[in-house]
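The chain contents come next:
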Amino acid sequence: MTRVFVLNGPNLGRLGAREPLIYGSTTHADLAELCVSTGKELGLDVEVRQTDTEGELIGWLHEAADQGIPVVLNAAAWTHYSIAVRDACSQLTSKLVEVHISNVHKREEFRQHSVISAVADGVIIGLGVDGYALALRWVADHV
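The name recorded for the chain in an unreviewed UniProt entry is 3-dehydroquinate dehydratase, from Kutzneria kofuensis. Within the UniProt record for the chain, the comment given under Function (unreviewed entry) is "Catalyzes a trans-dehydration via an enolate intermediate." The record in UniProt for the chain states the following under Catalytic activity (unreviewed entry): "3-dehydroquinate = 3-dehydroshikimate + H2O".

A. Broad picture of the UniProt feature "site: Transition state stabilizer" (unreviewed entry) in the chain. Under the present numbering, the feature "site: Transition state stabilizer" (unreviewed entry) in UniProt falls on Arg18. On the secondary structure map, Arg18 appears in the loop between strand 1 (2-8) and helix 1 (20-23). When near neighbours in sequence (up to four residues on either side) are disregarded, Arg18 contacts Pro10, Asn11, Leu12 and Tyr23.

B. Looking closely at the UniProt feature "active site" (unreviewed entry) in the chain. Residues annotated by UniProt as "active site" (unreviewed entry) correspond here to Tyr23 and His100. A stretch of 78 residues holds the annotated residues, and the largest C-alpha distance among them is 9.7 Å, short enough that they meet in one place. When you line up the elements, Tyr23 lands in helix 1. Setting aside chain neighbours within four positions, we find Tyr23 in contact with Leu15, Arg18, Ile101, Ser102, Arg107 and Arg111. A polar contact of 3.3 Å, which involves the side chain of Tyr23, links it to the side chain of Arg18. The buried category is assigned to His100, whose relative accessible area is 7%. In contact with His100, other than residues within four places in its own chain, are Asn74, Thr79, Ile124, Ile125, Gly126 and Leu127.

C. Broad picture of the side chain of Asn74. For Asn74, the position within the fold is in strand 3 (residues 71-74). If near-sequence neighbours (up to four positions away) are discounted, Asn74 is found in contact with Leu7, Asn8, Gly9, Leu12, Val99, His100, Ile101 and Tyr132.

D. Spatial organisation of the sheet that holds strand 3. Reading across the sheet, the five strands line up as 2-1-3-4-5 and stay open at both edges, with parallel pairing between neighbours. Each of the sheet's edge strands pairs with one partner strand only, and the pair in question is strand 2 (44-50) and strand 5 (122-125). Each adjacent strand pair in this sheet contributes to an overall mean axis angle of 20 degrees, direction not counted. Direction of pairing for strand 1 relative to strand 3: parallel, over a ladder of four bridges. Opposite Val6, over in strand 3, you have Val72 as the bridge partner. Each of strand 1 and strand 2 is contacted by helix 2 (residues 28-42), which is oriented at about 165 degrees to strand 2, the strand it contacts most. Sitting on the sheet, helix 5 (residues 130-142) is in contact with strand 1, strand 2, strand 3, strand 4 (96-100) and strand 5, with an inclination near 170 degrees to strand 4.

Rules used in this analysis
Residues numbered from 1 in each chain as written. Predicted model: local features only at pLDDT ≥ 70, side-chain atom pairs only at ≥ 80, totals over all residues. Heavy atoms only, no water. UniProt positions renumbered as here; feature names shortened; annotations may be inferred. Helix = DSSP H or I, 4+ residues; strand = E, 2+ residues; numbered from the N terminus. Contact = heavy atoms within 4.5 Å. Polar contact = N/O pair within 3.5 Å; in protein donor to acceptor, adjacent residues only side chain to side chain. Buried < 20%, exposed > 50% of the residue type's maximum accessible area, 1.4 Å probe, protein only. Pairing = 2+ DSSP bridges. Axes fitted to C-alpha atoms, helices over the stretch in contact; angles between N-to-C directions.

Structure follows, in structure tokens:
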């Protein structure tokens, strides 16, 4: 089975409680379960991680780069300004799909730019947590 990381950045651990009108009622635990079960259907060994610490996310991206692990990434707020996260993404040796739960283009102007998109294989925006399942399906077809 192909190993895949689903990596989530700051505040995503508060899914279900954080701005449910924007992010929905799905909790991070529900999201992790969705990703793992979707992965099993697709023959993927999915590991879901969430952090509010930028350095930890960068370490996970380095781990993925060193081991050739595909990544589905919602870098959350770091998407818009973290050159360090972007640089770690550029070192990946397998597929990268950037995911955002909300449609960032319908939100504040600062959310409408991603420093990560240019190094991602694809970007899924605004489809709620279903975007993660779609990203995993794409990864399964392209690794």
